[in-house]
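Reading the structure
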Amino acid sequence: AQAPGPLADLMLEAGVQLLSGTPLLHQGQALGALVLVSKQARNLQSGEIDLLCSVGQQVGIAVQIARLYDQARQELARRQEAEEALRCANEKSERQNRELTLLNRVMTTTASDMPPAAVLEVLCCELVQAFNVTQGAAALLNPDGEALTVVAECLPPGGASAMNVVIPVQGNPATLYVLKNKVPLAMFDAQHDILLAPIQDIMRRRGVASLLILPILVRGQAVGTIGLDANAPREFSDEELALAMRVTAAAAGALERW
């Protein structure tokens, strides 16, 4: 049979002498077509037509399987996205609950009649536990502002105490930065960070890999620092830095009694 309309013109232009096709079927539904063309005029034998129809059916089944596979893959991807979103939401909720619990404990301690040094010790231990670091210590500025004195700490079993150690402010870039800018300072490689150059030997002896220094603020003024030491390298996220500042701010009331 001659091809209809524009298709006939295209076939003549291309020199097509033979056109034969079969639908790609699956369960009676046409999914497409398989078309054969030839520039040589010839008649198809009945066996060839049967083979073409059989191939069309097999290809139809393969096309349907491919479609079902693609649908399943897309559904799996959507399900994984939903599960990931749910996991992130659960993690966020759990993190917020932990943060609220931490802040409540700190504020309860602040509202008590505990002396400021004891409040700072609780604060250090809460931060050590919350951030899963090795140890922490709080140091307050001396009246002349030239040095810090360690007044509270939280140590692991067998840890070396630094109580009453005096830390000069001048020549201590990391401490100067925190006191001047009133912002946290996190150092991933404490043993090689240039800001810790004057005390890198101490960092090595104490096995400190990463360090976080927080300002202690009272009425907007920096009155000291809290140092959190990690013996394994770790990053401190922006969320952790913000939480640490909220925790120290919650203790400001007690520190005003210092």
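In what follows, the accompanying structure is described.

Rules of the game
Residues numbered from 1 in each chain as written. Predicted model: local features only at pLDDT ≥ 70, side-chain atom pairs only at ≥ 80, totals over all residues. Heavy atoms only, no water. Helix = DSSP H or I, 4+ residues; strand = E, 2+ residues; numbered from the N terminus. Rg over C-alpha atoms; globule rule 2.2 N^0.38 Å. Buried < 20%, exposed > 50% of the residue type's maximum accessible area, 1.4 Å probe, protein only. Contact = heavy atoms within 4.5 Å. Areas by Shrake-Rupley, 256 points an atom, 1.4 Å probe, with all protein chains shown as cover. Lys, Arg positive; Asp, Glu negative; His and termini not counted. Charge placed at Lys NZ, Arg CZ, Asp CG, Glu CD. Pairing = 2+ DSSP bridges. Axes fitted to C-alpha atoms, helices over the stretch in contact; angles between N-to-C directions. Parallel < 35°, antiparallel > 145°, perpendicular 65-115°, else oblique.

Thoughts on the overall build of the protein chain
- Each helix and strand counted, the protein chain has seven helices and eight strands in total.
- For 258 residues, the compact-globule estimate of 2.2 N^0.38 gives 18 Å, and the protein chain exceeds it by more than 25% at 37 Å.
- Dimensions of the protein chain, computed from the C-alpha atoms along their principal axes, are close to 110 × 40 × 35 Å.
- Within the protein chain, the proportion of its 258 residues that are buried is 34%.
- Considering only contacts in the protein chain between residues 6 or more positions apart, those separated by 24 or more positions represent 51%.
- Summed over its atoms, the accessible surface of the protein chain is roughly 15500 Å², and 56% of this surface lies on carbon and sulfur atoms.
- In the protein chain, the 20 positive side-chain charges and the 27 negative ones have mean positions that sit 1 Å from each other.

Topic: unusual backbone geometry
- Positive phi, normally seen in glycine, also occurs at asparagine 132, with a value near 55 degrees.
- Tracing the backbone through its elements, the reader meets asparagine 132 in the loop between helix H3 (116–131) and strand E3 (135–141).
- Of note in this structure, arginine 219 is not a glycine but carries a positive phi near 55 degrees.
- Its relative accessible area of 65% is what places arginine 219 among the exposed residues.

Looking at the pairing of strand E4 (residues 147–154)
- Of all eight residues in E4, eight are buried, a share of seventy percent or more.
- The antiparallel hairpin formed by E3 and E4 contains five residues in its connecting segment, where glycine 145 sits at a positive phi of about 70 degrees.
- In this sheet, strand E5 (residues 166–168) lies alongside E4 in antiparallel orientation, the contact comprising three bridges. Bridge pairing links alanine 147 to proline 168 in E5.

Digging into the packing of helix H2 (residues 46–111) against H3
- Between H2 and H3, whose axes approach to 10 Å, the crossing angle comes to 170 degrees. When the interaxial angle is binned, H2 and H3 end up roughly antiparallel. For the pair H2 and H3, the contacting residues are Leu102, Arg105, Val106, Thr109 and Thr110 in the first and Val119, Val122, Leu123, Glu126 and Ala130 in the second.

Comments concerning the pairing of strand E1 (residues 18–26)
- By the bridge criterion, nine bridges tie E1 to strand E2 (residues 29–38) in an arrangement that is antiparallel. By the bridge assignment for E2, threonine 22 is matched with leucine 34.
- Hairpin connection from E1 to E2: two residues lie between these consecutive antiparallel strands, with glutamine 27 at a positive phi of about 55 degrees.

By themselves, these are just geometric observations and shouldn't be taken as functional.
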